[in-house]
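# Overview (structure and organization)
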Amino acid sequence: MLDAIDSVLETASGFLWGYVLLFGLLGTHLYLSIILRFPQRYFFKALSYYFKRGEGSQQGQISQFSSLMVSLAANVGTGNIVGVAVAVAMGGPGAVFWCMMTGVLGMATRYAESLLAIRYRVQDSRGNVLGGPMYALERGLKCRWLAVLFAVFTSVAAFGIGNITQANAVSQVLAESSLGVPGWLTGVLLAGLVAAVLIGGLKGISRVCSACVPTMAVVYIIGCCILLVVHAEYVWPAIRTICTSAFCEQAATGGFIGSTIMLAMQNGVRRGLFSNEAGMGSSPIISAPVRTDNPVQQALVSSTGPFWDTVVVCSLTGLTLTTTVLAEPDLAARSGELLTYHVFDSIGKFGSALLTISLAAFVISTVLGWSYFGEKALEYLGGSRLILPYRILWVIAAFVGCVIPKSSIVWNFADFANGLMAIPNLICMVGLSGVLISQTRYYLWRNRLDKVDTTPIPTLEEKK
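Residues numbered from 1 in each chain as written. Predicted model: local features only at pLDDT ≥ 70, side-chain atom pairs only at ≥ 80, totals over all residues. Heavy atoms only, no water.

Another aspect to go through is the pattern of salt bridges. Following the criterion strictly, the structure yields seven salt bridges and no others. Across the pair Arg 110 and Glu 113 runs a salt bridge, and its minimum N-O distance is 3.5 Å. Residue Arg 110 and its partner Glu 113 are located together in helix α6 (residues 94-119), separated by three residues, close to a single helical turn. Each member of the pair Arg 110 and Glu 113 is classed as buried. Across the salt bridge formed by Arg 144 and Glu 138, the nearest N and O atoms sit 3.5 Å from each other. (Salt bridge = Lys/Arg side-chain N within 4 Å of Asp/Glu carboxyl O. Helix = DSSP H or I, 4+ residues; strand = E, 2+ residues; numbered from the N terminus. Buried < 20%, exposed > 50% of the residue type's maximum accessible area, 1.4 Å probe, protein only.)

Following this line, the structure appears as structure tokens:
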């Protein structure tokens, strides 16, 4: 039964992630980069707004930095560790290059998503600020049915990309580690931690993520750097292999299977999107409740997310994997999902312990961040009365993800759900490209980034 379900999901995911979505995403990334005059070049200006409180505006619930941390918490997870390993195992080292390019071009898409989330945000009767592609589709594009589709896809996809895949990956690593933690125990601990934090709502999630994300990222980067130092003589050959195999047919060599350019591109872009989610429309949901002076200011801050998530963390993972496999070719025969663990384990118990701790922290923060995304999508569909049942189901799913026996089902489901989410969001950004240009021209190109937008946020009636 599981094999049949897995086969159907794999076929559906393969179709969705064929040429249409692959080039649709890259095409939108490139289109938005061009019409917005490459907002990536304002990276350092965006850094200067990380800790700006948006004091000129009293609208919003969390700071720009907290929003970025929740977004990164949701993005930086198993996609950066397990996902990159799967991409390298299936698409060869060239997948790392395409994964990185998805991050660079995706900065423009994240900018656009966040700008629209602020531009079309609303508030409920209790003063909570809401936003995201569903509100931009309904209020900006006047396309309610497409907004409903996006919300449905998001509330369902959240269980794949933001919950079950994360729990499944950490459960496998903990079981494989020297600790030998059984899946059910990992599930109980993860579900308990998630439930405890969800009691505090958005502010509880933002506090935990703001504290955890920078720390866990530094710990993981240190671990990768140790591996690169240990295999220093293979670093340059690894860089060369990654770049050449991205544009050339790759024969089986150095422990890697052979791969085509399309296979490398497909796996790299797919895992890049899984990691940074640029174009999916999930991260802008956390941009809406931000205290910011104007939409473009927050959009710039949000645009740096794919850089840290994909260009830094994913690329570092890919380089570490390629370098270590070139040094120890036998490692490439290991399972794609567990390849990163075995690479870190190659330097002893310290390395495996470091990865285990990092992955556990990544998973917890990702599950917390995505709980908010899915919750707000469901709230759009049925109001706040659905929040409590959704949280209960969310905690149960975290446990189930740890004990489910077949991980490929989880990954295929996540890939399929991600693709469904992306379609209405891409339509939204292309359809509202005129708004993106006018807002960018007014605030960014004419140097008005500190000008306060005093437009009041409209209040929605509570859904009955």
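Okay, the confidence of the model for the protein chain next. Here the protein chain averages 82 in pLDDT, while 91% of its residues score no lower than 70. At the level of individual helices and strands, the protein chain shows its lowest average pLDDT in helix α12 (residues 261-276), which scores 71, and its highest in helix α20 (residues 433-445), which scores 96. (pLDDT = per-residue confidence, 0-100.)

Right, let's talk about the packing of α6 against α20 for a bit. Contact pair α6 / α20: the axes reach a minimum separation of 10 Å and the direction vectors enclose 90°. By the angle class used here, α6 and α20 are roughly perpendicular. Here Tyr 111, Ala 112, Leu 115, Leu 116 and Arg 119 of α6 come into contact with α20, specifically with Val 435, Leu 436, Gln 439, Thr 440 and Leu 444. (Axes fitted to C-alpha atoms, helices over the stretch in contact; angles between N-to-C directions. Parallel < 35°, antiparallel > 145°, perpendicular 65-115°, else oblique. Contact = heavy atoms within 4.5 Å.)

In this section: a nonpolar patch on the surface. Together, Trp 184, Leu 185, Val 188, Leu 189, Leu 388, Ile 392, Leu 393, Ile 396, Val 400 and Val 403 line one region of the surface with nonpolar side chains, adding up to about 920 Å² of accessible area. Among the secondary structure elements, those contributing two or more residues to the nonpolar patch are α9 (183-198) and α18 (387-403). Among the elements that make up the nonpolar patch, the one with the highest residue count is α18 (six residues). With respect to the element layout, Leu 189 can be found in helix α9. Since its relative accessible area comes to 52%, Leu 189 is described here as exposed. (Patch = residues over 30% accessible without salt bridge, like charges linked within 9 Å, V, L, I, M, F, W, Y side chains within 5 Å. Areas by Shrake-Rupley, 256 points an atom, 1.4 Å probe, with all protein chains shown as cover.)

Next up on the list: the nonpolar core. Membership of the largest hydrophobic core comes to 130 residues, with the highest contact counts inside it found for Leu 116, Trp 370 and Trp 394. Looking at which element gives the most residues to this core, the answer is helix α8 (residues 144-176), with 14 residues. (Core = buried A, V, L, I, M, F, W, Y, C linked by side-chain atoms within 4.5 Å.)

This part takes up the side chain of Ser 283. Structurally, Ser 283 can be placed in the loop between α12 and α13 (284-287). By relative accessible area, which is 1% here, Ser 283 ends up buried. A polar contact of 3.2 Å, which involves the side chain of Ser 283, links it to the side chain of Ser 71. Apart from residues no more than four positions distant in its own chain, Ser 283 is found in contact with Ser 71, Asn 75, Arg 110, Glu 277 and Phe 373. (Polar contact = N/O pair within 3.5 Å; in protein donor to acceptor, adjacent residues only side chain to side chain.)

Attention now moves to the environment of Leu 321. The topology assignment puts Leu 321 in helix α15 (residues 305-327). For Leu 321, a relative accessible area of 2% translates into the label buried. Counting along the chain gives 21 residues from Leu 321 to His 342, while the straight-line C-alpha distance between them is 9.8 Å. If we ignore the near neighbours within four places in the chain, the residues touching Leu 321 are Val 84, Ala 85, Val 88, Leu 339, Thr 340 and Val 343.

Attention now goes to the packing of aromatic side chains. Scanning all chains against the criterion turns up 14 aromatic pairs. Seen in terms of ring centroids, Phe 97 and Trp 98 are 5.3 Å apart; in terms of plane orientation they differ by 85°. Their pairing is edge-to-face. Using a relative accessible area of 15% as the deciding quantity, one classes Phe 97 as buried. On the accessibility criterion, Trp 98 (13% relative accessible area) is buried. Here Tyr 442 and Tyr 443 contribute two aromatic rings whose centre-to-centre distance is 4.8 Å and whose plane-to-plane angle is 85°, an arrangement assigned as edge-to-face. Tyr 443 sits in the buried class, given a relative accessible area of 6%. Ring-pair connections join several aromatic residues into one group, and the members of that group are Phe 43, Phe 44, Phe 307 and Trp 308. Here Arg 37 stacks its cationic end above the ring of Trp 445, 3.8 Å away from the centre of that ring. The side chain of Arg 119 reaches across the aromatic face of Tyr 120, ending 5.1 Å from its centre. (Phe/Tyr/Trp six-rings, centres within 6.5 Å; stacked < 30°, edge-to-face > 60°. Lys NZ or Arg CZ within 6 Å of the ring centre and 35° of its normal.)

Summarising the element assignment, Tyr 234 is placed in the loop between α10 (201-230) and α11 (235-245). Spatially, the C-alpha atom of Tyr 234 lies 48 Å from that of Asp 293, the residues being 59 residues apart in sequence. Once residues lying within four places of it in the same chain are set aside, the contact partners of Tyr 234 are Thr 323, Leu 326 and Ala 327.

This brings us to α18. For α18, spanning 17 residues, the distance from its first C-alpha to its last is 25 Å, which sits close to the expected 24 Å at 1.5 Å a residue. Along α18, the positions that sit buried rather than exposed are Ile 387, Tyr 390, Trp 394, Val 395, Ala 397, Ala 398, Gly 401 and Cys 402. The buried residues of α18 occupy an angular sector of 155° when the element is viewed end-on, so they sit on one face. In this structure, the buried residues of α18 make contact with α8, α9 and α17 (349-382). (Expected span 1.5 Å × (residues − 1). Arc of directions from axis to C-beta.)

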